[in-house]
Amino acid sequence: MAPDTGTHTLPAGGGMIDGKTTALYSLPAKWYHDPSVYEAERWGIFARTWQFLAPESDLPNPGDYTAVEFAGFKVFVLRDREGKLKAFHNLCPHRAAPLFAEGSGHCDVLRCRYHGWAFDHDGKLKAAPYFGDADWFRKEDHGLKPVRLDVWRGFVFVNLDGKAPPLLEFLGDVPALVAPYPIEGFKKKDIADFSIKTNWKVYTDNFVEGYHIPGIHPGLIQAIDFNKFETTYQRNVVIMKAPQKEGSIYGGLWLWIWPNMTLSVYPDGMNASRIVPHGPRFTTLHYSFYFQDLSPALDAGQRRTIETNCQIVREDFGICEDAQSNFEAGVFQRGPMSPRHELGVHYFHDEIRAALKDQGVTE
Ligand SMILES: [Fe+2]
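Since the model is a prediction, treat every value here as computed from it, not as a measurement. (Residues numbered from 1 in each chain as written. Predicted model: local features only at pLDDT ≥ 70, side-chain atom pairs only at ≥ 80, totals over all residues.)

Participant: I tried to follow the overall build of the chain on my own but got confused; where do I start?
Facilitator: When its secondary structure is counted, the chain shows eight helices and 20 strands. The principal-axis extent of the C-alpha atoms belonging to the chain is close to 75 × 60 × 35 Å. When burial is assessed residue by residue, the chain has 37% of its 363 residues classed as buried. By sequence separation, contacts in the chain at least 24 residues apart represent 59% of the contacts at least 6 residues apart. (Helix = DSSP H or I, 4+ residues; strand = E, 2+ residues; numbered from the N terminus. Buried ≥ 20, exposed ≤ 12 C-beta atoms within 10 Å, placed from the backbone. Contact = placed C-beta atoms within 7 Å.)

Participant: Just checking my understanding: could you explain the domain arrangement of the chain for this structure?
Facilitator: Accessible area lost during the coming together of the parts is what is often quoted as the interface size. Here the domain parsing of the chain yields domain 1 (52-168) and domain 2 (172-358). Spacing between the C-alpha centres of domain 1 and domain 2 amounts to 30 Å. Taken together, the contacts link nine residues of domain 1 with eleven residues of domain 2. Considered class by class, the residues forming the side of domain 1 that touches domain 2 number six nonpolar, two polar and one charged. (Domains from an automatic or database assignment. Nonpolar A, V, L, I, M, F, W, Y, C, P; charged D, E, K, R; others polar.)

Participant: Can you help me understand unusual backbone geometry in this one?
Facilitator: Note that the residue after Trp258, namely Pro259, is joined by a cis bond; omega there is 0°. If you trace the backbone, Pro259 turns up in the loop between strand S16 (253-257) and strand S17 (261-266). For Ala96, which is not a glycine, the phi torsion comes out positive at approximately 75°. Checked against the element boundaries, Ala96 lands in the loop between strand S6 (85-89) and strand S7 (103-106). Accessibility expressed as a C-beta count within 10 Å gives 11 for Ala96, which makes it exposed. One non-glycine residue, Arg153, lies in positive phi territory at about 45°. Looking at the secondary structure, you find Arg153 in the loop between strand S11 (146-152) and strand S12 (155-159). You can call Arg153 partly exposed: it has 15 C-beta atoms within 10 Å.

Participant: What is the right way to read the nonpolar core from this model?
Facilitator: The nonpolar side chains of soluble globular proteins are, as a tendency, buried together. Counting residues in each nonpolar core, the largest one holds 82 residues, and the members touching the most others are Leu53, Phe76, Val77, Ala87, Val158, Val238 and Ile257. No other element matches helix H8 (residues 343-358), which puts six residues into this core. Apart from residues lying up to four places away in sequence, Val238 is in contact with Val208, Thr231, Tyr233, Trp256, Gly344, Tyr347 and Phe348. In this structure, Ile213, Leu220, Phe229 and Ala242 belong to the second largest nonpolar core, which totals six residues. (Core = buried A, V, L, I, M, F, W, Y, C linked by C-beta atoms within 7 Å.)

Participant: Where do I start with helix H7 (residues 299-329) in this structure?
Facilitator: For the α-helix, the turn length of 3.6 residues means that residues three or four positions removed from each other point alike. The end-to-end C-alpha separation of H7 is 46 Å, in line with the 45 Å expected for 31 residues at 1.5 Å each. Gly318 marks where H7 bends most, by close to 25°. (Expected span 1.5 Å × (residues − 1). Bend = angle between axes of the 7 residues up to and from the residue.)

Participant: Is there a simple way to explain the packing of helix H1 (residues 35-46) against H8 in this structure?
Facilitator: Working note: a packed helix pair is described by the angle between its axes plus the distance between those axes. For the pair H1 and H8, the least separation of the axes is 9 Å and the interaxial angle reads 90°. With respect to H8, the element H1 is oriented roughly perpendicular. For the pair H1 and H8, contact is made by Val37, Ala40, Gly44 and Ile45 and by Ala355, Leu356 and Asp358, respectively. Looking at side-chain class alone, the contact of H1 with H8 contains five nonpolar, one polar and one charged residues. (Axes fitted to C-alpha atoms, helices over the stretch in contact; angles between N-to-C directions. Parallel < 35°, antiparallel > 145°, perpendicular 65-115°, else oblique.)

Participant: Please explain H1 as it appears in this structure.
Facilitator: All of the buried residues in H1 are Val37, Tyr38, Glu41, Gly44, Ile45 and Phe46. All buried residues of H1 fall inside an arc of 150° around its axis, so they share one side. Tucked inside the fold, the buried residues of H1 contact strand S3 (51-55), strand S4 (64-70), strand S5 (73-79) and H8. (Arc of directions from axis to C-beta.)

Participant: Please explain the sheet that holds strand S8 (residues 110-111) as it appears in this structure.
Facilitator: The pairing of strands in a sheet comes from backbone hydrogen bonds and takes either a parallel or an antiparallel form. Sheet architecture is open: three strands sit in the order S8-S9-S10, paired in antiparallel fashion. Of all the strands in the sheet, the pair left with one neighbour each is S8 and strand S10 (125-127). (Pairing = 2+ DSSP bridges.)

Participant: Please explain the environment of Val276 as it appears in this structure.
Facilitator: Relative to the helices and strands, Val276 is located in strand S18 (residues 269-277). According to the C-beta neighbour criterion, Val276 is buried, with 21 such atoms within 10 Å. Sequence separation of Val276 and Phe46 is 230 residues, and the distance between their C-alpha atoms is 9.6 Å. Val276 has contacts with Phe70, Asn260, Thr283, Thr284 and His286, leaving out every residue within four places of it along the chain.

Participant: What's the story with the sheet that holds S4 in this structure? I'm lost.
Facilitator: Taken together, seven strands build an open sheet; the order of strands is S3-S12-S11-S6-S5-S4-S7 and the sheet is antiparallel. For this open sheet the edge positions go to S3 and S7, each flanked by a neighbour on one side alone. Put simply, the sheet's adjacent strands are angled 30° from each other on average, direction ignored. Alignment of S11 against S12, held across five bridges, turns out to be antiparallel. Counted as the bridge partner of Val151 is Val156 from S12.

Participant: Got a minute to help me understand the confidence of the model for the chain in this structure?
Facilitator: The predicted coordinates ought not to be read in detail in places where the model reports low pLDDT. In the predicted model, the chain carries a mean pLDDT of 91, and the fraction of residues at 70 or more is 93%. Counted against residues more than four places away or in other chains, residues 1-22, with its pLDDT under 50, gives 37 contacts. (pLDDT = per-residue confidence, 0-100.)

Participant: Can you walk me through the packing of helix H4 (residues 200-207) against H7 in this structure?
Facilitator: The interhelical angle for the contact between H4 and H7, taken along N-to-C directions, is 130°, at an axis separation of 10 Å. It follows from the interaxial angle that H4 and H7 lie oblique. Crossing hand, H4 versus H7: right-handed. Together, Val202, Tyr203 and Asn206 of H4 and Asp316, Cys320, Ala323 and Gln324 of H7 make up the contact between the two elements. (Left-handed = near helix turned anticlockwise from the far one by under 90°.)

In structure tokens form, the structure reads like this:
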């Protein structure tokens, strides 16, 4: 079966060529820039899944908060006066202003800077200053909108529509894969944020395959045994592994977790990231780096690890942005995927297909 040229329709997940070779074709090019597809992804993927927001260690004290945005949804997580984590839409119910700018901080009262409305840590409206007398207005009707929250091994997640399976179930085979690593003992050392002018799926496609390593990552190819690079997938996770050569900074286990979290574990630490869409053509990446031991003696080596990691992340941007422009130009429709190296892309695309089908978007 040929790729979709308008006359053929591919079965979900690809098809067979001459009934023999598994042929896996990528998503239609249009899905990488069409605003209506992006809108379907916002509600069909980002509102419905568990989204990793922050490590719990970012919020040690009552009043600490972290505000993030993904796919246009603004959310914050707060440690309340009793020490419990709570999450809310970052949205004043009066005139829709966000309560916090993106980032972390500390607050005693949640106060909207637009008109001064103030909320308690449980989201209840405490004061609407200068509102005036109105017998129809009841403060209890205008609290913050709560968001479902859960924590897995120190990572705080939220689920906007409240209907995702319980977090542990949603994480599929991730907990078992990460079980051998003492990640709760890892301490956050640094963060790195990036932006890339592509659809979030262009960057994700790139993340879940090692096929491009020889072409794009001259340093990384030296550090691993590429002939033994292995990509597999299990429930809600793509697993990439490669034997490491002497001196490599990696532990050789790279995980990507549906729909947009990554977790790379190395011998003395890890990094976690969020791949965050902001519209059909713009994506940000938010990395945090953790190590077992933050002693000053280890600082220089850890800084090198972080920089090497960031360098590899940046190496992908040019090629991804160039591919994005070809996705938009209308000539390319979709391409075949390597059964040897692109099973992760195939898995990701099938999840996208299923989620979008639920929203009425079909190929
Ligand atoms: Fe890469």
